[in-house]
Amino acid sequence: MNAPPITTASAESPALPNRFDLTAAIKDGLKTALIMLGLSIPILAYKTDQSGGDLWLSPRWGLVAILCALVFGLRILLHAFMATKAAREATPSPHQATEFVHAEPNAFQKTSRFAIPFFLGVALAFPVIIYFIQGGLNESRYWVDLGILILTYVMLGWGLNIVVGLAGLLDLGYVAFYAVGAYSYALLSTTFGLSFWICLPLAGILAGFWGMILGFPVLRLRGDYLAIVTLAFGEIIRLVLINWTDLTNGGAGISSIPRATFFGLPFTSGEGGFAQTFGLEFNGMHRIIFLYYLILALALLTNFVTMRLRKLPVGRAWEALREDEIACRSLGINTTNVKLTAFAIGAMFGGFAGSFFAVRQGFVSPESFNFLESAIILAIVVLGGMGSQIGVAIAAIVLVGGPEILRNLTFLQAVFGSGFDPNEYRLLLFGAGMVAMMVWRPRGLISERSPTVILKERKAISGSLVKEGHG
Amino acid sequence: MSTAGMNVTPSASAAASKPVLLSVRGVKTYYGNIIALKGVDMDVREGEIVTLIGANGAGKSTLMMTIFGNPRAREGTITYQGQDITRMPTHEIARMSIAQSPEGRRIFPRMTVYENLQMGASINGLAHFNQDLERVCTLFPRLKERLYQRGGTLSGGEQQMLAIARALMSRPKLLLLDEPSLGLAPLIVKQIFSIIKELNEKDGMTVFLVEQNAYHALKLAHRGYVMVTGNITMSGTGRELLADPQVQAAYLEGGHH
């Protein structure tokens, strides 16, 4: 009982041995660069060129300089990495402490407090910002389209987060519900002429229904086996869409899907159109910007509902289910219902996103719903940190927006030659990014699970009160 | 959490007249083809502390889990308050005012202590949550200090307290405890056993206790059963069993207390 209290190394504790030491790192980097230089002289510095019978040397000191600089930079990065890693290992996280430690919010928690209003503000003002940067509606089309794409994946990520992040049910076939939503809207609107605003909830309900249908056979499965069955389910839906040509028009897809209206006002140039009613000059971008705000609203709805549900018994039960299914049952929780609601609600948001996809594209085909889509959505959830809403949003921006940024790095052609297309390295960078993530943040960008009930009387618990009485 | 009509500490003889709360008759449980319980008979009366002792692998925890319907008894009947619960799903049994602190505690490690307790109270929809929270905080002051810490960050003893507290949140009449002393320091074990005693004496809660720590368990319990390879071989009051030479040889040998 007299065990000395575990003191947790905090920021002010005297110099952790492995704090990143910049001068030492630079010194070491220079040394390594020098070695590189030495090695380069016989290997790289001169290139033999042959013209006719003559053999002559062409110097390549520029290349050597680039490589030495690269080695220098990498060496410093390596130092930084080792230092942070060592420091992290030397500092037990407050969550591992057996004694109460005064847990300061960590960097991520601190940033997330500002990050949420910041992200929300940027998201809301995005079309306006782009309008002013690009200097015109038509010029900003590319960026608003990109915004729509990212937000679609944010929404899908949040939807899947309910199933994977909260309830802990690994779902590899989430795209199936996306497809159900898209085809629901496509078929309902082209066959019965129903408007988007009626189809949207219907698509959600239908997808949720399919979520339940998937849920029933997999109730007893967990982990790997669940993943395989859901993967198969995703493929089944896709194959049915391809082969049931009478209904879905097969691989050719469904085209000329009616576009969304602004609460009844179509985005057309003529009489009674959106532009005319509001006295604006007609521009096709109105519809795109409307779509942007539509998907933003849908994504925020997903987030809002998830956050609310987490505080309700059903959300708590999802998280408890993820933690321990047997304990759940012995506390009187009907795990069947809990799983089915997780599948159904997750699928419902997938369905919403799907019908948005259909209304935006005006065309759906089974090609859009292949396994790669599921994999990307799952990667967004896993990289973002399972269960973390803001982490998922960041991961969606990186994973979906990243490749687009890559496409625009044309200045790299000046370095690597005109034939260089950075986009070809997309998957390579994707893989490298994944590996880096697994090394640095194996539990996702934001692995912190925020409690649903926060400390109200922090003063009463922290500090001196808990010094006595040790386990 | 008090049971109506329970006022005095029921002594072993007084308890004998009390109605049977839980009765197990001829229960056989199998894991695949392997028989784990070979026809067990057992009674727990209202207001009693009944303990089940036995060696590793005797089937103690299996009996506890069978009462909770997971695994299900292949033969025999289990009745609780006169109602047959043998074929009921686990979560419905839990709704019949039976609570369980399972083997290995099984708290929710990533959820806070507070949220763990909320989960315990979810059967009655958090109706008396604040009252019950206060109550378990008085019983386990340590939990009050750690209310907003994650369950997984608690020490072993605290996790055990949390598991019991979580079970209490549903206001059970019958509390099933599976090895609450497992892996805990002697002083903590004493603390936990005194809390069990308090629950029984003050609130008249009926407790069924599965234990390896035979000395403490028999000292605490009104009655005890001894289980050997799936059979109940002996039963009697706690005192009788403690004094029994066979029990002493098998379970109390060596440095107890």
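Residues numbered from 1 in each chain as written. Chains lettered and ligands numbered in written order. Predicted model: local features only at pLDDT ≥ 70, side-chain atom pairs only at ≥ 80, totals over all residues.

Asker: Tell me about the interface of chain B and chain A, and please be specific about residues and values.
Answerer: Every contact between the two is made by 32 residues of chain B and, on the other side, 31 residues of chain A. Elements with a contribution of two residues or more to the side of chain B that touches chain A: helix 3 (90-94), helix 4 (113-120), helix 6 (141-145) and helix 7 (156-168) of chain B. The biggest single contributor to the side of chain B that touches chain A is helix 4 of chain B, with five residues. Along the lines of polarity and charge, the residues of the side of chain B that touches chain A split into eleven nonpolar, twelve polar and nine charged. (Contact = placed C-beta atoms within 7 Å. Helix = DSSP H or I, 4+ residues; strand = E, 2+ residues; numbered from the N terminus. Nonpolar A, V, L, I, M, F, W, Y, C, P; charged D, E, K, R; others polar.)

Asker: Lay out the sheet that holds strand 1 (residues 20-31) of chain B in plain terms, naming residues and giving numbers.
Answerer: All names here are of chain B. The strand order across the open sheet built from four strands is 2-1-4-5, with neighbouring strands paired in antiparallel fashion. The open sheet has two free edges, formed respectively by strand 2 (34-45) and strand 5 (83-84), since each of these has just one partner strand. As defined by bridge partners, strand 4 (residues 75-80) adjoins strand 5 across two bridges and the pair is classed as antiparallel. Within the sheet, the bridge partner assigned to T79 lies in strand 5 and is D84. Running over the sheet, helix 2 (residues 60-67) touches strand 1, strand 2 and strand 4 and is turned about 70° from strand 2. (Pairing = 2+ DSSP bridges. Axes fitted to C-alpha atoms, helices over the stretch in contact; angles between N-to-C directions.)

Asker: So what about unusual backbone geometry? Which residues, and what values?
Answerer: Residue and element names in this part refer to chain B. Here N70 and P71 are connected by a cis peptide whose omega angle stands at 5°. Topologically, P71 is positioned in the loop between helix 2 and strand 4. Of note in the backbone geometry, R171 takes a positive phi value of approximately 55° without being a glycine. As for its position among the elements, R171 is in the loop between helix 7 and strand 7 (174-178). By C-beta crowding, R171 is classed as buried, having 21 other C-beta atoms within 10 Å. (Buried ≥ 20, exposed ≤ 12 C-beta atoms within 10 Å, placed from the backbone.)

Asker: Break down the packing of helix 6 (residues 196-215) of chain A against helix 13 (residues 335-361) of chain A for me, with residues and values.
Answerer: Residues and elements named next belong to chain A. Where helix 6 meets helix 13, the axes come as close as 6 Å, and the angle between the chain directions of the two elements is 140°. It follows that helix 6 is oblique to helix 13 by the angle criterion. Judged by the sense of rotation from one axis to the other, the crossing of helix 6 with helix 13 is right-handed. A breakdown of the residues in the contact of helix 6 with helix 13 according to their chemical character gives 17 nonpolar, nine polar and one charged. (Parallel < 35°, antiparallel > 145°, perpendicular 65-115°, else oblique. Left-handed = near helix turned anticlockwise from the far one by under 90°.)

Asker: Tell me about the nonpolar core, and please be specific about residues and values.
Answerer: Ranked by size, the top nonpolar core spans 169 residues in total, and within it V154(A), M155(A), Y178(A), A179(A), I295(A), A342(A) and A165(B) carry the most contacts. In this view, Y178(A) contacts L156(A), G350(A), A353(A), G354(A), F357(A), F369(A) and E373(A); residues no more than four positions away in its chain are not counted. (Core = buried A, V, L, I, M, F, W, Y, C linked by C-beta atoms within 7 Å.)

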